[in-house]
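Coordinate analysis (summary)
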Amino acid sequence: TAWLFKRKVQLAMKSDKDDKLNGHVQVDETLVGGYSTAKGRSTETKDAVLVAVEILPDGRSGNLALQPIESFSATELKYAIKDNISDQAKIQTDAFHSYKKLAKEMDNITIAYSEKGSVMEELHKQIMQFKNWLRGTHHKCSRQYLFAYTDEYEYRFNKRNMRKWL
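The numbering scheme is per chain: residues are counted from 1 as the chain's sequence reads. Given that the model is predicted, a residue must reach a pLDDT of at least 70 before its local features are reported, and side-chain atom pairs must reach 80 or more before they are shown or counted; all residues, however, enter totals for whole chains, interfaces and linings. Note that water and hydrogens are dropped before the side-chain values are worked out from all heavy atoms of the structure.

A look at the packing of aromatic side chains
- Working definition: a ring pair exists when centres of Phe, Tyr or Trp rings (six-membered ring for Trp) sit within 6.5 Å. Plane angles under 30 degrees give stacked, over 60 give edge-to-face, the rest tilted. What the rule picks out here adds up to 6 aromatic pairs.
- Centroid distance Phe-130 to Tyr-153: 5.2 Å. Interplanar angle 65 degrees. Geometry classified as edge-to-face. Here Phe-130, found in helix 4 (residues 121-138), pairs with Tyr-153, found in helix 5 (residues 146-158); they are 23 residues apart in sequence, far enough to count as distant. Note on accessibility: Phe-130 and Tyr-153 belong to one class, buried. The way it works is that DSSP assigns letters per residue, a run of H or I at least four long becomes a helix, a run of E at least two long becomes a strand, and they are numbered from the N terminus. Burial classes: relative accessible area under 20% of the type maximum marks a residue as buried, over 50% as exposed, and values in between as partly exposed (1.4 Å probe, protein chains only).

Below is the structure:
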């Protein structure tokens, strides 16, 4: 009964994707799941998630978008970006080869070389917070329900400043 109720609440938290990220947006992808001995970006035992964060003029995080993806291919990333980010946004990504392909197709993408994560620091903080929340709240990530976990976290994060409504 509790699990069914939780799933209904998570369903209510699902984003309709009408409010796309705008302004300066940092984009990266991450793997979610337990420990794996696989090297590189293997989605064999882990799941891939695209993470996009609006960066406000003062350097803080605005809204966030999370979307499970099947692979790290340029085509997959392109559709995930179009689903979550406005066409007018200025997108900053790392130098992953799929983003380099996309930068040739899309005018609003700029490539930033990582310099050990210091370039897109706010984005990497949000990725760490998502993974810590997932580990702390749900203890593990079921591949079947990853979309529900990302929807719940996105909803909670984007509504964090609206507590005065309650």
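Right, picking up where we left off after that structure.
Let's talk about the pairing of strand 4 (residues 90-93)
- For two strands to be treated as a pair, DSSP must find at least two bridges joining them. Relative to strand 4, strand 1 (residues 24-32) runs parallel, the two sharing 3 bridges. Of the residues in strand 4, the one forming a bridge with His-24 is Lys-90.
- As paired elements, strand 4 and strand 5 (residues 109-111) share 3 bridges and run parallel to each other. The residue bridging Thr-93 from the neighbouring strand is Ile-111, located in strand 5.
- With helix 3 (residues 97-105) bridging strand 4 and its parallel neighbour strand 5, the resulting β-α-β unit is right-handed. If you view a crossover with the strands going away from you and the path from the first strand over the helix to the second runs clockwise, you call it right-handed.

Examining the sheet that holds strand 5
- Spatial ordering of the open sheet is given by 3-2-1-4-5, a layout of 5 strands whose pairing is mixed. Edge strands, defined here as strands with exactly one partner in the open sheet, are strand 3 (61-69) and strand 5. Adjacent strand axes in the sheet meet at a mean angle of 25 degrees, parallel and antiparallel pairs treated alike.
- Pairing of strand 1 with strand 2 (residues 47-55), which is carried by 9 bridges, proceeds in the antiparallel orientation. Bridging across to strand 2, Leu-31 finds its partner in Ala-48.
- We call two residues in contact whenever any of their non-hydrogen atoms come within 4.5 Å of each other. Every axis in this analysis is a line fitted to C-alpha atoms, fitted for helices over the stretch in contact. Angles between the N-to-C directions lie between 0 and 180 degrees. Taken strand by strand, helix 2 (residues 74-84) contacts strand 1, strand 2, strand 3 and strand 4, and its axis lies near 140 degrees from that of strand 3.
- Helix 4 rests against strand 1, strand 2 and strand 3 of the sheet, and its axis sits at about 40 degrees to strand 1.

Comments concerning the environment of Leu-123
- Position of Leu-123 relative to the elements: it lies in helix 4.
- Taking relative accessible area as the criterion, Leu-123 reaches 0% and is therefore assigned buried.
- Note: C-alpha distance between Leu-123 and Glu-54 (69 residues apart in sequence) is 8.7 Å.
- Excluding residues that lie within four positions of it along the chain, Leu-123 makes contacts with Gln-26, Val-27, Asp-28, Val-51 and Val-53.

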